[in-house]
Amino acid sequence: MTRVSTKEDIERESKRVISALYGDVAGFRVNETFQIPEKGPREAWDVQVNFMLNGLKYTVDLEIQEKDGQVTNARLLDTMTPL
């Protein structure tokens, strides 16, 4: 696994994980990114992503470890029909 420390690394690893969990998605984008913990040395990233699948918009929260890119938590936050 590779270290995840830049914006490009975060997007690449997030897209890889979403593809593994949901398959081929459209309109993928990183919505929010926060470091974990907020203060002190960074250990992981809290990443919120949006994408479209089968006409629905999904919002998923991922926790990605910085040292090796492993995802320790993936949580579906919202599914909605776009206007």
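Just so you know, these numbers come straight off a predicted model, no measurement behind them.

**Remarks on the packing of aromatic side chains**
Throughout the structure, instances matching the rule amount to 3 aromatic pairs. Ring centres 5.5 Å apart and planes at 55 degrees place the aromatic pair Tyr22 and Tyr58 in the tilted group. Residue Tyr22 is located in helix α1 (residues 7-22), and its partner Tyr58 is located in strand β3 (residues 56-65); the two are separated by 36 residues in the primary sequence. Exposure remark for Tyr22: the relative accessible area of 25% places this residue in the partly exposed category. Note on Tyr58: relative accessible area 14%, which makes it buried. Every member of this aromatic cluster is reached through a ring pair, and the members are Tyr22, Phe51 and Tyr58.

**Remarks on α1**
For α1, with 16 residues, the first-to-last C-alpha span of 22 Å sits near the 22 Å given by 1.5 Å per residue. Taken residue by residue, α1 has Asp9, Ile10, Glu13, Ser14, Val17 and Ile18 as its buried positions. Along the axis of α1, the buried residues cluster in a sector spanning 155 degrees; they form a single face. Residues of α1 that are buried make contact with β1 (26-36), β2 (44-53), β3 and β4 (71-80). A positive phi of about 85 degrees marks Gly23, the residue just after α1.

**A short note on the side chain of Ser14**
Relative to the helices and strands, Ser14 resides in helix α1. Overall, the relative accessible area of 0% leaves Ser14 in the buried class.

Definitions and limits used
- Residues numbered from 1 in each chain as written.
- Predicted model: local features only at pLDDT ≥ 70, side-chain atom pairs only at ≥ 80, totals over all residues.
- Heavy atoms only, no water.
- Phe/Tyr/Trp six-rings, centres within 6.5 Å; stacked < 30°, edge-to-face > 60°.
- Helix = DSSP H or I, 4+ residues; strand = E, 2+ residues; numbered from the N terminus.
- Buried < 20%, exposed > 50% of the residue type's maximum accessible area, 1.4 Å probe, protein only.
- Expected span 1.5 Å × (residues − 1).
- Arc of directions from axis to C-beta.
- Contact = heavy atoms within 4.5 Å.

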